[in-house]
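Inside the fold
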Amino acid sequence: MDLKSATEKMEKLDIMEIGSDLLGGMFKKTGRAYKRLCPFHEERHASFYIYPDTQTYVCYGCGRQGKILGLIKMVFNGDGIDILEYLRNRGCDLGRDEGILESLILEEENSGYLPRSI
Ligand SMILES: [Zn+2]
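Predicted, not measured: the structure shown is a model, and the values here were computed from it.

Criteria and cut-off values
- Residues numbered from 1 in each chain as written.
- Predicted model: local features only at pLDDT ≥ 70, side-chain atom pairs only at ≥ 80, totals over all residues.
- Axes fitted to C-alpha atoms, helices over the stretch in contact; angles between N-to-C directions.
- Helix = DSSP H or I, 4+ residues; strand = E, 2+ residues; numbered from the N terminus.
- Parallel < 35°, antiparallel > 145°, perpendicular 65-115°, else oblique.
- Contact = placed C-beta atoms within 7 Å.
- Nonpolar A, V, L, I, M, F, W, Y, C, P; charged D, E, K, R; others polar.
- Pairing = 2+ DSSP bridges.

Before going further, it helps to spend a moment on the packing of helix 3 (residues 68-75) against helix 5 (residues 98-109). For the pair helix 3 and helix 5, the least separation of the axes is 8 Å and the interaxial angle reads 120°. Classified by the angle between their axes, helix 3 and helix 5 sit oblique to one another. In this structure, helix 3 uses Leu69, Gly70 and Lys73 to contact helix 5, whose residues at the interface are Leu104, Ile105 and Glu108. A breakdown of the residues in the contact of helix 3 with helix 5 according to their chemical character gives three nonpolar, one polar and two charged.

Shown next as structure tokens:
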């Protein structure tokens, strides 16, 4: 599979749907975002936000931020095989090529827009 078709497949996924699926549905709508307790650090007040309009997430507590693949990568501790399997189960079949996944992640990281720099 080439990077272009892989990117097109990825574009059908929604960060809010993936976020709810991976982290549970404890999100509360606030303005243009949805927030919940951060799954990546311990806290009492919700500072983990998903912005569906920009398809980004940010935690104002621990500073983690990124886009959809960044979030999936965090949840699966960067395990490419697990990520590919998860994506396949969500209807986004990228085959078993971890190289294409790496390229997608790189592309995402270099794509610029994030909700806020910390
Ligand atoms: Zn956090």
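From this point, the narrative continues.
So, on to the pairing of strand 2 (residues 33-36). Pairing between strand 1 (residues 28-30) and strand 2: three bridges, direction antiparallel. Bridge pairing links lysine 28 to lysine 35 in strand 2. Between the end of strand 1 and the start of strand 2, which pair antiparallel, lie two residues, with glycine 31 showing a positive phi angle near 60°. Where strand 2 lies against strand 3 (residues 48-51), three bridges are found, and the strand directions are antiparallel. Bridge pairing in strand 3 links arginine 36 to phenylalanine 48.

Everything listed here is a matter of geometry and, on its own, says nothing about what the molecule does.
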